[in-house]
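Letter by letter, the chains look like this.
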Amino acid sequence: TDPGPPATGARLIRALEDLGVARLDFVLLTHIHLDHAGTTAAVLARWPEARVVCHPRARAHLVEPTRLWEGSLAVLREKARVYGRPGPVPAEALAEHAEAERRGIAVVETPGHAPHHVCFLHEDSLFVGEAAGPFSTLGRGADTATPYLRPATPPVFRLEVAHASLERLLGLRPAPARLLFAHHGLHAGDAPGILEAARDQLTLWVETCRGVAADRGGLPAAGDDVAAAALMAAITDELARRDAFFARGRELPADIQEREQDFTRQTLRGMLGYLREGG
């Protein structure tokens, strides 16, 4: 699932070739943000028999990615240029969900991180994309008691929608034994426990945003970037005290910490927007 951005497409293709992959049946896209689906066209150029499965609302943006690219530039700015511009996906490569389901791959709609987000369940493995946020185990061996976990909320965020998606995943029976996160790894063990933690973390973050903003006199006016930056810094400090999953971010490698600091601010922007609209 999620072959990644155009900038790393050649590396992915070489890695698959080194593993002896002669055929790909499916490219499964949890959503079409650049860092997840941007190199789909390059993968199809190498394995043209592959079928692409994604949410119906995303298909047109894969075939004609101009608006996707322009929107990515507006939100991500220089990061979008680092990821690279996506190429067009042939319309004939797009598959209906039923095609994957006939091969034993269940498609679960999970809007929240994106309105077109889906997860894929194959046997006992659930490919969660970013429905439960970025995840990282830390240390060596089975050090997963308190992994790093952070919400991944978009600029237009709805807490109720994200909660409903996680409840849908928690309702899967039998419960998956493994969670495969797009960022950054595998969790084998108490999969429902991690999904519950992600659900509860969303509530904690929204309430922390609400409380810190109230203590500082309310939400800053739209466009007041200085006040917004100060508020987000105060919220981040409070979350590091209140959220054990988020606090473990200080143990991440330095380059991942830098990335996470940037995307934490993006998450908080979405949550503050939700509060500003009456959430």
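That block above? That's the structure.
Along every chain, residues carry numbers that run from 1 in the direction the sequence is written. In keeping with the model being predicted, local features are shown solely for residues with a pLDDT of at least 70 and side-chain atom pairs are shown and tallied solely at 80 or more, while totals for entire chains, interfaces and linings include all residues. To get the side-chain values, all heavy atoms of the structure are used, and hydrogens and water are removed first.

(A) Seen up close, the packing of aromatic side chains. Only the six-membered ring of Trp is used, alongside the rings of Phe and Tyr, when aromatic pairs are assigned; centres must lie within 6.5 Å, and planes under 30 degrees apart are stacked while those over 60 apart are edge-to-face, with the rest tilted. In this structure the tally under the stated criterion is four aromatic pairs. Taking the centre distance of 5.5 Å and the plane angle of 65 degrees together, the rings of F157 and Y274 count as edge-to-face. A residue pair is termed long-range when its members are at least 10 positions apart, and F157 in the loop between strand 8 (148-149) and helix 8 (159-170) and Y274 in helix 12 (residues 254-276) qualify at 117 residues. The classification of residues rests on relative accessible area computed with a 1.4 Å probe and restricted to protein chains. Under 20% of the type maximum is buried, over 50% is exposed, and intermediate values are partly exposed. Under the relative-accessibility criterion, Y274 is labelled buried at 7%. When the centroid spacing of 4.9 Å and the interplanar angle of 80 degrees are considered together, the rings of W205 and F246 count as edge-to-face. In this pair, W205 is assigned in helix 9 (residues 191-215) and F246 in helix 11 (residues 244-247), connecting sequence segments 41 residues apart. Judged by its relative accessible area of 0%, W205 falls in the buried class. Taken together, Y148, W205 and F246 form an aromatic cluster joined through their ring pairs. For a Lys NZ or an Arg CZ to count as sitting over a ring, it must be within 6 Å of the ring centre and within 35 degrees of the ring normal. The ring centre of F263 lies 5.4 Å from the NZ or CZ of K79, which sits over that ring. Where helices and strands are cited, they refer to DSSP runs of H or I of at least four residues and of E of at least two residues respectively, numbered from the N terminus.

(B) Quick look at unusual backbone geometry. Across the junction of R173 and P174, the peptide omega takes the value -5 degrees, indicating a cis bond. Along the polypeptide, P174 turns up in the loop between helix 8 and strand 9 (178-181). Of note, the amide linkage connecting H183 to H184 takes the cis form, showing an omega dihedral of 0 degrees. Mapped onto the elements, H184 comes out in the loop between strand 9 and strand 10 (185-188).

(C) The arrangement of the pairing of strand 6 (residues 125-129) in detail. With four of five residues buried, strand 6 lies mostly within the body of the structure. Note: two strands are recorded as paired if DSSP finds a minimum of 2 bridges between them. Here three bridges tie strand 5 (residues 118-122) to strand 6, and the two strands are oriented antiparallel to one another. Of the residues in strand 6, the one forming a bridge with H122 is S125. The loop that links strand 5 with its antiparallel partner strand 6 comprises two residues; one of these, E123, has a positive phi angle of about 55 degrees.

(D) Summary view of helix 5 (residues 66-76). Taken residue by residue, helix 5 has L68, W69, S72 and L76 as its buried positions. The arc that holds every buried residue of helix 5, seen down its axis, measures 95 degrees, which confines them to one face. Counted as exposed and oriented over 90 degrees from the buried face of helix 5: R67 and A74. Two residues form a contact once any of their heavy atoms are found within 4.5 Å. Buried-residue contacts for helix 5 involve helix 2 (34-37), helix 4 (59-63), helix 6 (78-83) and helix 12. A positive phi of about 55 degrees marks R77, the residue just after helix 5. Arc definition: directions from the helix axis to the C-beta atoms.

(E) Structural detail: helix 10 (residues 225-242). Counted at 1.5 Å a residue, the expected span for helix 10 with its 18 residues is 26 Å, and the 25 Å between its end C-alpha atoms agrees. Buried residues of helix 10: L231, M232, I235 and L239, and no others. End-on view of helix 10: buried residues confined to an arc of 100 degrees, all on one side of the axis. Set apart from the buried face of helix 10 by more than 90 degrees, the exposed residues are V226 and R241. Against the buried residues of helix 10 lie helix 9, helix 11 and helix 12. In a helix, the anticipated span is given by 1.5 Å times the number of residues less one.

(F) Region of interest: the side chain of T40. For T40, the position within the fold is in helix 3 (residues 40-46). Setting aside its immediate chain neighbours within four residues, T40 contacts P3, V27, L29, V52 and V89.

(G) View of the nonpolar core. The criterion is simple. A nonpolar core is a set of buried Ala, Val, Leu, Ile, Met, Phe, Trp, Tyr and Cys residues joined through side-chain atoms within 4.5 Å. L126, F157, L169, L179, F181, L195 and I235 are the most contacted members of the largest nonpolar core, which totals 43 residues. Those elements that place two or more of their residues in this core are strand 5, strand 6, strand 8, helix 8, strand 9, helix 9, helix 10 and helix 12. For this core, the element with the highest residue contribution is helix 9, accounting for eleven residues. With residues up to four places along the chain from it excluded, the contact list for F181 reads V128, G129, A132, G133, F135, L149, H187 and I194. With 26 residues, the next largest nonpolar core counts V27, V43, W47 and F263 among its residues.

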